[in-house]
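Okay, here's what each chain looks like letter by letter:
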Amino acid sequence: MKKMPLNIVWLKRDLRLNDHRPLYEAEQASIPYMVIYLFEPEIMAHSDTSQRHLQFVYHSILEMNTFLKPYNRSVQLFYANADEAFAWLLESYQINTVFSYQESGIQKTWDRDIPVSYT
């Protein structure tokens, strides 16, 4: 069975819609794309993550989804580490490109990005 080609916009720290280069690049590409945010247990367990931060992220995504709804788009939420989420996506889709901003967080998130890079 041939898998549907798909680009991914992976939201990490930059939770805005205006002036967002990865979203712009996905819009300009010629194949469908999905916008995702990963609530990663390994990252959430790190000492620099707080409940308040996670609530801010969640409410930001709800606001983004309100704006995206008229365009038949939404941010798809995953509660999984990046390798698990991308493995699941690869079961159903042929991932062409992952658009995202370069990680500027802790070393753990930088290291996490290397094995799931598709650009």
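So, how was this worked out
- Each chain carries its own residue numbering, running from 1 in the written order of its sequence.
- Where local features are concerned, this predicted model is filtered to residues with pLDDT of at least 70; where side-chain atom pairs are given and counted, the filter is 80 or more; whole-chain, interface and lining totals use all residues.
- Side-chain numbers come from the whole structure's heavy atoms, not from hydrogens or water.
- Only residues whose relative accessible area exceeds 30% and that form no salt bridge are eligible for patches; like-charged ones are grouped when within 9 Å, while nonpolar side chains (Val, Leu, Ile, Met, Phe, Trp, Tyr) are grouped when within 5 Å.
- Method for areas: the Shrake-Rupley scheme with a 1.4 Å probe, in which residue coverage is limited to the protein chains shown.
- Salt bridges are identified by distance alone: a Lys or Arg side-chain nitrogen within 4 Å of an Asp or Glu carboxyl oxygen.
- Secondary structure counts use DSSP, requiring at least four H or I residues in a row for a helix and at least two E residues in a row for a strand, with both numbered from the N terminus.
- Stacked, tilted and edge-to-face pairs are distinguished by plane angle, under 30 degrees for stacked and over 60 for edge-to-face with tilted covering the rest, among Phe, Tyr and Trp rings (Trp via its six-membered ring) whose centres lie within 6.5 Å.
- Only protein chains enter the accessibility calculation, which uses a 1.4 Å probe; a residue is then buried when its area is under 20% of its type maximum, exposed when over 50%, and partly exposed in between.

(A) Summary view of a nonpolar patch on the surface. Together, Tyr-58, Leu-62 and Leu-77 line one region of the surface with nonpolar side chains, adding up to about 260 Å² of accessible area. Structurally, Leu-62 can be placed in helix α3 (residues 51–68).

(B) Region of the structure containing the packing of aromatic side chains. Under the counting rule described, the total for this entry stands at 4 aromatic pairs. Ring geometry for Tyr-37 and Phe-39: centres 4.9 Å apart, planes at 65°, overall edge-to-face. A relative accessible area of 9% means that Tyr-37 is categorised as buried. We classify Phe-39 as buried; its relative accessible area is 13%. With a centroid separation of 5.9 Å and 40° between ring planes, the pair formed by Phe-67 and Tyr-71 is classed as tilted.

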